[in-house]
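Commentary on secondary and tertiary structure
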Amino acid sequence: MKKSILSLMGVFLSVFVFAQETSHDAFIVRNLDNNTERFSKVARQIWENPELGYLEFTSSKLLIDELKTAGFKVQTGLAGMPTSFVATYDKGGPVIGFLAEYDALPGLSQDAVPFRSVLVDGGNGHGCGHNLFGTAVVASAVALKEWIDANNIQATLKIFGTPAEEGGAGKVYMVREGLFKGVDAVINWHPSDRNAANASTCTAVMQGYFKFHGQTSHAAGAPQRGRSALDGVEAMNMMVNMMREHVDQESRIHYVITNGGLAANVVPDYAVVEYMVRHPDVTEVKDIWQRVIKAAEGAAMGTGTRVEVEVVAGIYGLLPNETLAKAMHKNLTLVGGVEYDQQETEFAKQIQASFNTPRVPPLSVAKQIQPYQLTHFPASTDVGDVSYVVPTVGLGTATWVPGTAAHTWQAVAADGMSIGYKGMMVAAKTMALTGKDLILSPLLIKEAKKEFDERLGDVVYEPLIGDMAPPLHFRKDQNKVK
Ligand SMILES: [Zn+2]
Ligand SMILES: [Zn+2]
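Worth saying up front: this structure is predicted, and the values here are computed from it rather than measured.

**So, the packing of helix α8 (residues 322–335) against helix α12 (residues 418–440)**
It is at 9 Å that the axes of α8 and α12 come closest, and there the two elements cross at 130°. What the angle tells us is that α8 and α12 run oblique. In this structure, α8 meets α12 at a crossing whose hand is right-handed. Between α8 and α12, the contacting residues are Leu324, Ala327, Met328, Lys330, Asn331, Leu332, Leu334 and Val335 on the first element and Val426, Lys429, Thr430, Met431, Leu433, Thr434, Asp437 and Leu438 on the second.

**Concerning the UniProt feature "domain: Peptidase M20 dimerisation" (unreviewed entry) in the protein**
Per the UniProt entry, the sites bearing "domain: Peptidase M20 dimerisation" (unreviewed entry) are residues 206–297 in this numbering. Annotated as residues 206–297, this span is 34% helix and 28% strand, and its ends, taken at the C-alpha atoms, are 18 Å apart.

**Concerning the environment of Ala139**
By the secondary structure assignment, Ala139 is in helix α4 (residues 130–151). For Ala139, a relative accessible area of 1% translates into the label buried. The spatial distance from the C-alpha of Ala139 to the C-alpha of Ala428 is 6.2 Å, given a sequence separation of 289 residues.

**Notes on the packing of aromatic side chains**
As enumerated under the stated definition, the model contains 10 aromatic pairs in all. Relative to Phe474, the ring of Tyr54 has its centre 5.9 Å away and its plane inclined at 85°; by these criteria the two rings are edge-to-face. A residue pair is termed long-range when its members are at least 10 positions apart, and Tyr54 in the loop between α2 (36–48) and α3 (57–70) and Phe474 in helix α14 (residues 474–477) qualify at 420 residues. When sorted by exposure, Tyr54 lands in the same class as Phe474, which is buried.

**Focus: the coordination of the zinc ion (ligand 1)**
In the first shell of the zinc ion (ligand 1), the protein supplies Cys128 (SG), Glu166 (OE) and His407 (NE2), at 2.0 to 2.3 Å from the metal. Between the donor residues of the zinc ion (ligand 1), the gaps in sequence give the motif C-x37-E-x240-H. The zinc ion (ligand 2) is placed at 3.2 Å from the zinc ion (ligand 1), the two being bridged by Cys128. Taken together, the residues span a long stretch of sequence, with Glu166 in the loop between β4 (156–161) and α5 (170–176) and His407 in the loop between β12 (392–398) and α11 (409–415) at a distance of 241 residues. What makes Glu166 buried here is its relative accessible area of 10%. Here His407 falls in the partly exposed class, since its relative accessible area comes to 38%.

**Topic: the coordination of the zinc ion (ligand 2)**
Coordination of the zinc ion (ligand 2) by the protein comes from Cys128 (SG), His130 (NE2) and His190 (NE2), over a distance range of 2.1 to 2.3 Å. Read from N- to C-terminus, the donor residues coordinating the zinc ion (ligand 2) fall into the pattern C-x1-H-x59-H. On the basis of relative accessible area, Cys128 is assigned to the buried category, the value being 8%.

**Things to note about the pairing of strand β3 (residues 95–100)**
Judged by how many residues are buried, β3 sits mostly within the fold: six of six residues are covered. Judged by which residues are buried, β3 turns out to be covered on both faces: Val95, Gly97 and Leu99 on one side and Ile96, Phe98 and Ala100 on the other are all buried. Sheet topology places β3 next to β4; six bridges connect them, and they run parallel. If you follow Leu99 over to β4, its bridge partner there is Phe160. The parallel pair β3 and β4 is bridged by α4, and the resulting crossover is right-handed. Bridge count between β3 and strand β5 (residues 185–192): three bridges; the pairing is parallel. Bridging across to β5, Phe98 finds its partner in Ile187.

**Focus: a negative patch on the surface**
On the surface, Asp248, Glu250, Asp281 and Asp287 cluster together into a patch of negative charge. Its place among the elements puts Asp248 in the loop between α6 (229–243) and β8 (252–259). In this structure Asp248 comes out as partly exposed when scored by relative accessible area, which is 34%.

**Digging into the pattern of salt bridges**
Scanning all chains against the criterion turns up 19 salt bridges. For Arg455, the salt bridge is made with Glu451, and the minimal N-O distance between the two is 2.8 Å. In this pair, Arg455 and Glu451 both sit in helix α13 (residues 442–456), four residues apart, roughly one turn of the helix. Overall, the relative accessible area of 34% leaves Arg455 in the partly exposed class. Overall, Glu451 belongs to the buried group, its relative accessible area being 11%. Overlapping salt bridges, with partners in common, bring together Asp25, Lys330, Lys436 and Asp437 in one network.

Here is what the cut-offs are and how they apply
Residues numbered from 1 in each chain as written. Chains lettered and ligands numbered in written order. Predicted model: local features only at pLDDT ≥ 70, side-chain atom pairs only at ≥ 80, totals over all residues. Heavy atoms only, no water. Axes fitted to C-alpha atoms, helices over the stretch in contact; angles between N-to-C directions. Helix = DSSP H or I, 4+ residues; strand = E, 2+ residues; numbered from the N terminus. Parallel < 35°, antiparallel > 145°, perpendicular 65-115°, else oblique. Left-handed = near helix turned anticlockwise from the far one by under 90°. Contact = heavy atoms within 4.5 Å. UniProt positions renumbered as here; feature names shortened; annotations may be inferred. Buried < 20%, exposed > 50% of the residue type's maximum accessible area, 1.4 Å probe, protein only. Phe/Tyr/Trp six-rings, centres within 6.5 Å; stacked < 30°, edge-to-face > 60°. Donors = N, O, S within 2.8 Å, 3.2 Å for Na, K, Ca; no water. Pairing = 2+ DSSP bridges. Right-handed = clockwise from strand over helix to strand, strands pointing away. Patch = residues over 30% accessible without salt bridge, like charges linked within 9 Å, V, L, I, M, F, W, Y side chains within 5 Å. Areas by Shrake-Rupley, 256 points an atom, 1.4 Å probe, with all protein chains shown as cover. Salt bridge = Lys/Arg side-chain N within 4 Å of Asp/Glu carboxyl O. Lys, Arg positive; Asp, Glu negative; His and termini not counted. Charge placed at Lys NZ, Arg CZ, Asp CG, Glu CD.

Below is the structure:
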């Protein structure tokens, strides 16, 4: 008898918990549905004024204004970057962090139409959807804040405005500054052509310039008096190319000669080669980078030149967290994917017709949720450094027509219209629900931290960039010959 009463009570309790949970979910989803128009406008405003890395003054201000209006306290210009910010809503409890990106790409100017139509010759464009990225995070945080208020919950939200993801690696400087200390978990997302909340690894990367200095001379009249800086570059490249046979399979080494001299009849006294070294394991990247430096030194010695190395970026790969990713996948499934109306279907068909490839995924992919898996992304993101100091989780949503690659005009087009906004709101809802789960479940945070510690093992995080300052002028300097 007693037993049956107890089990009946158990059923009541679980029904009660379930009802509580669904009412929390409903509050958050309703809040975001009600704010779709408001945040679509913010995303469109950032899209209309695409700003490059470290120059995102208007874009960051738009997001800051939204957060201030909602009651967040905002600090700006952190870690030596004028366009960075941290917005805090402090009600004690667990601290949940969010990453917001908002920089654009050069040369990708495009109207929000399903055919190539440049708005500004040589202008910038949001080809990676960071206008949606930053806006979804702000929408998500504002919804969570209102849910915290409505339910008198103890929790702290921190929104990190991270400049210059595209090449400037702004997050690395914020991590080095210690801004993520005390944060229990970090949530982020990225625009995509499909909906997936997978745990993912990616590659760590070191990037830098090898600047060779030689001696000019008449290449025909007095070649013996010259020492060619370009010889230094070529000798270095030859040695590194031989080295490829003796590095781990998953390594990637790429280079371009950014300065190879100016005239064939003048022995060049200055030549520069830019290198990137990648591997999923950061210690491998460090080792290979040292070997590349040795090749440069050997090349300089053999060609009678001198070499100096200028590191421009160094970022960690992603440390996946399956505990958090599975929680996020559950929420993404609950929210559902992107559904097109008639107009959007026509737009999407026209975009797909421009791909010029025989294998195009069906439009229905935008609606589907990809099955959960642990994946590997063979490129790099500065979220990597964050994931090495705090358990971090991310997702992708179908802001782009299925089959669209990042950094294309087709991506820019969708980022400035309703398909992009719909995907953005799927992300905002999924992130907010996951934030809510973390706030309500100390066990989830504990499990995530346990996995974080296990995966980290004996790796001690130290930034690959050393003590270098953020390259605030890198976009302005880009067109100058290095
Ligand atoms: Zn990108
Ligand atoms: Zn991106």
